Structures are given as structure tokens and as C-alpha cells.
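So you can see what is in the structure, the chains are spelled out below.
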Amino acid sequence: MSGVRQAPASAPSLTAVPVQSDHDAMRLISVLDRVWGGSVGSSHLDQGMVIALAHAGDYAVLFEHDGEAVGAAVGFFGPPLDAVLHSHIVGVVPEVLGRGVGLAIKQHQREWCLERGVRTMTWTFDPLVGRNAAFNLRKLGARAERYLENFYGEMVDGINSGQATDRVLLRWRLDRPSPVAGPMADAPGVPVVPWLVEDADGEPRRLTPGPDAARVSVHVPRDIEAMRRSDAALARRWRTAVRETLGAAMVGGGSVVEFSATGDYVVERIAG
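Residues numbered from 1 in each chain as written. Predicted model: local features only at pLDDT ≥ 70, side-chain atom pairs only at ≥ 80, totals over all residues. Heavy atoms only, no water.

Glancing now at the overall build of the chain. Counting secondary structure elements, the chain contains six helices and 12 strands. When contacts within the chain are restricted to residue pairs at least 6 apart in sequence, those whose partners lie at least 24 apart make up 64%. As displayed, the chain has an accessible area near 13,200 Å², and 52% of this comes from carbon and sulfur atoms. (Helix = DSSP H or I, 4+ residues; strand = E, 2+ residues; numbered from the N terminus. Contact = heavy atoms within 4.5 Å. Areas by Shrake-Rupley, 256 points an atom, 1.4 Å probe, with all protein chains shown as cover.)

Structural data, given as C-alpha cells:
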């Protein structure tokens, strides 16, 4: 596939370049290093691994705009064999953020999978990053499947250094019509009881929704990435609070049914 179709009008015209050489692999890695703050000797991915994945038929694609690399994505097949693509990493350079490039990349991945008979894609994201939650859950219609505590262990890149790497595993059904942004689920008459809120000082504050609250909300900060730079200790307190609410609910069998415009996960809990 030579390009990305169905991109939003605001998105720059993209060309998808599958990795076919060590030069392609290094350009792909350079994009990811720009996004995650890697450097020579501490790149986010290994060149040899990217080449091996591409050679084995997995997904390793660089995205260009006017010849300049602006995005990159790497994924590999998971069980059952050849039925699921796990999208390990997607990166978009800062200069084109907010212009639909991320959506265009996801659409390319979807089309690439469907052409090969793959109908499901999975990936992980940091539940503290609200804009990613909104993109994944509302715009794409992916479903939150599991909460994974400190999934990647300690990382030393410019984004994750000093922070636990809790992630939510998503599952995206590719053979359904691509959804538009909007509410994920509606249950008229079912109240949503706050469980985690943000106080006037920006601190996470747990409330007591009670065991009979069927739906609870878990708030996340508006910009956790800026918070990590300005107050890493506060960001870690938010990590713990989200783990002990959203994480606990999901581990206990609860389901994320919404991510609101105000930055709240709405979770349907298991009674009992």
C-alpha cells in the first residue's frame, strides 16, 4: 500500500514506506527517538530487530510527508497465529501533532491487516494520558481489555523515565465499520459515582462510592506529560491513585464503558 486513505482533511498527505533496508530502519527509529527522547546508544528500538520484524512479514512502516519522516509504527503478530496484530509502538513527530496523522496511521494499520485477513489489533497505552484514552476509546472504538501494572518495567526514555509503566491493553475489531467520535456506551438512569477526582491543588483525591455503585468515574489530569516535567512526585501519586481505582476495578472484572470529555473513565463494576 503506497499511501494512507481516509485521512482527515486537516492531515498532511502521507506516504507509507515499508521498511526494506537498514536505512529505512534507521529512519524509522529516528522518528521514534524524536518522540520519546532517545539518543545514540539508547534508541527506543534496535535496528536489527526492526529489520528482522519487517523481513518476517510483520508491520514496520515509516510515514512521510513531502519526503520528510513524520511518523512510524511497528507491530507483530500475536496468538492465535496470524489472527491478531499487536501494534507495539506508534510515534508522530511533534510538528504534526493534532493534524490527524495518528488517525491516518491507525487507518493504514487497519487496512494492512484486513488485506491479510487479520481482523483484530491490540496495543497498550498509558491510562494517565487522557488524549490517548479519548483517541483510542472514543474515536477508534477500541475496547479496554486489561490493566497491566508496570508492564514494561523501568524505562529510561524522555517520557517514561522515573515513572512506573502501567498500561491498559486495548483490543480493536477491524472488520467493523470505522466509528466516529462519540459516546461509547449509554445506560439511561444509571448514575455515575465519582471515585477519583482532582482537588483544587491538583492532587488526586479518592472518594468512597460504596459497594452498590454500579458505575464509577476515575479522573486523570489534563496534561500528565507536562506534570511529569514540572512535578514528577505528583505524577507518581496520580499513577498510584489510578492504579488503585481504575486498575483495581479492571482487575476485579470491571469494564471501561466511556472516557468522558472531562477526562474521566467511566467504569462498570462487578457487583459483590
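Let us look at the pairing of strand β12 (residues 264-268). Among the five residues of β12, four are classified as buried, and the element is accordingly described as predominantly covered. As judged from the four bridges shared by strand β11 (residues 255-259) and β12, these two strands associate in the antiparallel manner. Counted as the bridge partner of Glu258 is Val266 from β12. As consecutive antiparallel partners, β11 and β12 are separated by four residues, and within that stretch Gly263 has a phi angle of approximately 85°, a positive value. (Buried < 20%, exposed > 50% of the residue type's maximum accessible area, 1.4 Å probe, protein only. Pairing = 2+ DSSP bridges.)

This paragraph deals with the environment of Val197. With respect to the helices and strands, the residue Val197 is situated in strand β8 (residues 192-198). Between the alpha carbons of Val197 and His219 there is a distance of 5.3 Å; along the sequence they are 22 residues apart. Apart from the residues lying within four places of it in its own chain, the contact partners of Val197 are Glu203, Pro204, Arg205, Leu207, His219 and Trp238.

Attention now moves to the environment of Leu28. Positionally, Leu28 belongs in helix α1 (residues 22-36). Along the chain, Leu28 and Phe63 lie 35 residues apart, while their C-alpha atoms are 8.5 Å from each other. Setting aside chain neighbours within four positions, we find Leu28 in contact with Val19, Val50, Ala60, Val61, Leu62, Ala72, Ala73 and Val74.

Attention now moves to the packing of aromatic side chains. Tallied over the full model, the rule gives five aromatic pairs. Look at Trp123 and Trp172: their rings are 5.8 Å apart centre to centre, the planes differ by 90°, and that puts the pair in the edge-to-face class. Taken as a pair, Trp123 in strand β5 (residues 120-125) and Trp172 in strand β7 (residues 167-173) lie far apart in primary sequence, 49 residues in all. Each member of the pair, Trp123 together with Trp172, is buried. Linked through ring pairs, Tyr59, Phe77 and Trp112 together constitute an aromatic cluster. The ring of Trp123 carries the charged tip of Lys106 above its face, separated from the ring centre by 3.7 Å. The ring of Trp195 carries Arg269 above its face, with NZ or CZ at 5.3 Å from the centroid. (Phe/Tyr/Trp six-rings, centres within 6.5 Å; stacked < 30°, edge-to-face > 60°. Lys NZ or Arg CZ within 6 Å of the ring centre and 35° of its normal.)

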